[in-house]
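# Understanding the architecture of this molecule
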Amino acid sequence: MRMYINGAFTSGSASDKIAVINPATEEILDTVPVGTAVDVNTAVSAAKTAFFGWKRTPAFERAGLLHEAARKMQDHAEELAHLLTVEEGKPLEENEEEVFWTYDTFNYYAELGRHERGRFIPPGDPDQLNFVIKEPYGVVGCIIPWNFPLLLLAWKLAPALAAGNTAVIKPSEYTPLSTLKLMEIAFDHFPPGVVNVVTGAGATGEALVRHPDVPLIAFTGSVATGQRIASIAAPMMKKLHLELGGKDPLVIGPDVAMELAVKATAYAGLINAGQVCTSSERIYVHEGMIGRFSEELAEFVGSLRLGSGLDPDTDIGPMLRPHFREKVEGQLAEAVQAGAKVLVGGKRPSHLPRGFFLEPAVIVNVDHRMALMREETFGPTLPLMPYRDFDEAIALANDTTMGLGATLLSHDARLVKRFFEEVKAGTIWINDPLTDNFAGPFGGMKMTGGGRELGQEGLDEFYEVKHVHWDVEGKIKSYWFPYGKETK
Ligand code: NAD
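Residues numbered from 1 in each chain as written. Predicted model: local features only at pLDDT ≥ 70, side-chain atom pairs only at ≥ 80, totals over all residues. Heavy atoms only, no water.

This part takes up the overall build of the protein. Of the regular secondary structure elements, the protein holds 15 helices and 23 strands. Its C-alpha atoms give the protein a radius of gyration of 25 Å, within 12% of the compact-globule value 23 Å for 488 residues. Along the longest, intermediate and shortest principal axes, the C-alpha atoms of the protein span 85 × 55 × 40 Å. Per-residue burial for the protein yields a buried fraction of 56% across its 488 residues. Within the protein, residue pairs in contact and separated by at least 24 positions form 73% of the contacts whose partners lie at least 6 positions apart. Here the protein displays about 20400 Å² of accessible surface, and carbon together with sulfur accounts for 55% of that area. Charged side chains of the protein number 46 positive and 64 negative; the gap between the two group centres comes to 7 Å. (Helix = DSSP H or I, 4+ residues; strand = E, 2+ residues; numbered from the N terminus. Rg over C-alpha atoms; globule rule 2.2 N^0.38 Å. Buried < 20%, exposed > 50% of the residue type's maximum accessible area, 1.4 Å probe, protein only. Contact = heavy atoms within 4.5 Å. Areas by Shrake-Rupley, 256 points an atom, 1.4 Å probe, with all protein chains shown as cover. Lys, Arg positive; Asp, Glu negative; His and termini not counted. Charge placed at Lys NZ, Arg CZ, Asp CG, Glu CD.)

Here it is as structure tokens:
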């Protein structure tokens, strides 16, 4: 497939191509151009030209176009979910959910965007009017990771467009096809240049970050890339919206029924083969139940079915690429060397010789010196650690440099209150891990970055705020020069 610039598909000036691979079969699905700095410049110029008209388009009209895009996505939901499955690997059922969340994010921001205009504030003098207006930035650079290619794009693109910005999107080099397909089916009714897609890897993204006509970069990805982007953007004082990695804890209260604890934990840590920013990667279990819990969890996890995401019986798909799998295997090997025990999984399944599969693992005897408990794993692992009392559980949950989400399983209101007050994370889930809400802001604290997506907060990220002070009478003021003279 080709890039999408100024309303048309193009190979641009690119001479190199990237192969997009199905991680379940290792077959090449397609190729896309490696966009150059020239292509980025062409896309930014188109978006800059389109900005003038798009900003002046009434919010009601913009809302209509966004709803139409959502309708078209819904009409093509099956095709999009299928493409996501072969490109990214997770089961079709999860991708059907992703497509639903994608198009309804456009519906949500179409509505929110047309209500949003700023506010009047009290003037300092009755002859004056003071008001706060919210204005779009201009061209927004949207840089997207691979694990939820359409959803995480929607969380940026929908509010950016609703607020009156235009966009240049840089999808992940691993999963560009679904984004390009989205342009083909859902954005053909937009004025040319309002939405553009430049494909490529890090260098293409970096050209977008460096471009002087892109005042805001909305980025989701790893902490390392976020740091790199921040270092480039800092001298230019660019506004950054950063959604970075996580190392989320899940705490199981002593009052929780075993079956609920087992099923909630497996889901929280293993959906999309653990390749979710909010995966529960550290599981803390009350010491009174960890023995039985680890046995039952290992049995349940051992029964989950690995395979192609297109097979309706698959629970867990492949990892995206061999090097991501090797990173998980490396963390597991290091933990085992330091005394950890793998109760189940952690191996490449012999019945699936092709594809980048890894059996989901349950691990005990872990501690916070291990990378498995400190660094983002982004794979199918459930390391279990006991806690004595709730003070210790909270201290362990907070013992991380990251702060995206945190889950507590408990029906004890006193534990719940302590958990949401004391745990430092952008989303707190009680008894229902990893569930989003269109109106609920999503984002992180600490090294996860401070951006917020979804909700009113997710729209505000795409507005600049301007205070207008208007002296309607416009008389000469007593406090102007010259000072202390009778001419006043
Ligand atoms: P990544 O940081 O490797 O890449 C993300 C995007 O940045 C890709 O499009 C990539 O091409 C681009 N990129 C790479 N180097 C760049 C540079 N120097 N300048 C500009 N762009 C550059 O991340 P990934 O592997 O695609 O995604 C996984 C990571 O994303 C994990 O750390 C995960 O936790 C995080 N993530 C966070 C959230 C969240 O909401 N906080 C959601 C999903 C994923």
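Each assigned domain of the protein is listed here: domain 1 (3-244 + 454-469) and domain 2 (248-430). A combined buried area of about 2000 Å² lies between domain 1 and domain 2, and 61% of that area is made up of carbon and sulfur atoms. It is Glu-26, Trp-146 and Tyr-174 in domain 1 that bury the most area against domain 2; as a group they hold 28% of the surface buried on that side. At the junction of domain 1 and domain 2, the tally comes to zero salt bridges. Summed over the shared surface of domain 1 and domain 2, the result is nine residue pairs in polar contact (both at pLDDT 80 or more). Across the side of domain 1 that touches domain 2, the residue classes break down as eleven nonpolar, five polar and five charged. (Domains from an automatic or database assignment. Buried area = accessible area lost by both parts, 1.4 Å probe. Salt bridge = Lys/Arg side-chain N within 4 Å of Asp/Glu carboxyl O. Polar contact = N/O pair within 3.5 Å; in protein donor to acceptor, adjacent residues only side chain to side chain. Nonpolar A, V, L, I, M, F, W, Y, C, P; charged D, E, K, R; others polar.)

In total, this model carries 16 aromatic pairs according to the counting rule given. When the centroid spacing of 5.7 Å and the interplanar angle of 90 degrees are considered together, the rings of Phe-100 and Tyr-103 count as edge-to-face. Taken together, the residues Phe-100 and Tyr-103, both in helix α4 (residues 92-113) and three residues apart, mark about one turn of the helix. Residue class for Phe-100 comes out partly exposed when judged on its relative accessible area of 30%. Using a relative accessible area of 11% as the deciding quantity, one classes Tyr-103 as buried. For the pair Trp-146 and Phe-324, a centre-to-centre distance of 5.2 Å together with 35 degrees between the ring planes defines the contact as tilted. In this pair, Trp-146 sits in the loop between β7 (139-143) and α5 (151-162) while Phe-324 sits in helix α11 (residues 322-337), placing the two residues 178 residues apart along the sequence. Ring-pair connections join several aromatic residues into one group, and the members of that group are Phe-100, Trp-101, Tyr-103, Tyr-108, Tyr-109 and Phe-438. One residue, Arg-62, lies across the ring of Trp-54, its end atom 6.0 Å from the ring centre. (Phe/Tyr/Trp six-rings, centres within 6.5 Å; stacked < 30°, edge-to-face > 60°. Lys NZ or Arg CZ within 6 Å of the ring centre and 35° of its normal.)

Strand order across the open sheet formed by three strands is β5-β6-β23, with antiparallel pairing between neighbours. Only two strands of the sheet have a single partner each, and these edge strands are β5 (118-121) and β23 (463-471). Strand after strand, the sheet turns through a mean of 20 degrees between neighbouring axes, direction not considered. Of the pairings in the sheet, the one linking β5 to strand β6 (residues 128-136) comprises four bridges and is antiparallel in character. Of the residues in β6, the one forming a bridge with Gly-118 is Ile-133. (Pairing = 2+ DSSP bridges. Axes fitted to C-alpha atoms, helices over the stretch in contact; angles between N-to-C directions.)

This next bit is on the site of the ligand. As a structural note, the neighbourhood of the ligand is formed by 30 residues, with Lys-170, Glu-173, Thr-225, Leu-244 and Glu-376 the closest of them. A distance of 2.9 Å is found between an oxygen atom of the ligand and a side-chain nitrogen or oxygen belonging to Trp-146. The separation between an oxygen atom of the ligand and a polar side-chain atom of Glu-173 is 2.6 Å. Mapped by element, the contributors of at least two residues to the shell around the ligand are α7 (202-210), β10 (216-220) and α8 (223-233). Counted by class, the shell around the ligand contains 14 nonpolar, ten polar and six charged residues. For the shell around the ligand, the domains that each give at least three residues are domain 1 (3-244 + 454-469) and domain 2 (248-430). (Near = heavy atom within 4 Å.)

With respect to the helices and strands, Gly-345 occurs in the loop between β14 (341-344) and β15 (361-364). Since its relative accessible area comes to 14%, Gly-345 is described here as buried. Separated by 113 residues in sequence, Gly-345 and Ile-232 place their C-alpha atoms 41 Å apart. Beyond its immediate chain neighbours, meaning those up to four positions away, Gly-345 contacts Glu-359, Pro-360 and Ala-361.

Okay, the packing of helix α3 (residues 77-88) against helix α6 (residues 177-186) next. Two elements in contact, α3 and α6, have axes separated by 9 Å at closest approach and are oriented at 160 degrees. Accordingly, the angle class assigned to the pair α3 and α6 is roughly antiparallel. When the axes of α3 and α6 are compared, the crossing they make is right-handed. Counted together, Glu-79, Leu-80, Leu-83, Leu-84 and Glu-87 of α3 and Leu-177, Ser-178, Lys-181, Leu-182 and Ile-185 of α6 form the full contact between these two elements. Partitioning the contact of α3 with α6 into residue classes produces six nonpolar, one polar and three charged. (Parallel < 35°, antiparallel > 145°, perpendicular 65-115°, else oblique. Left-handed = near helix turned anticlockwise from the far one by under 90°.)

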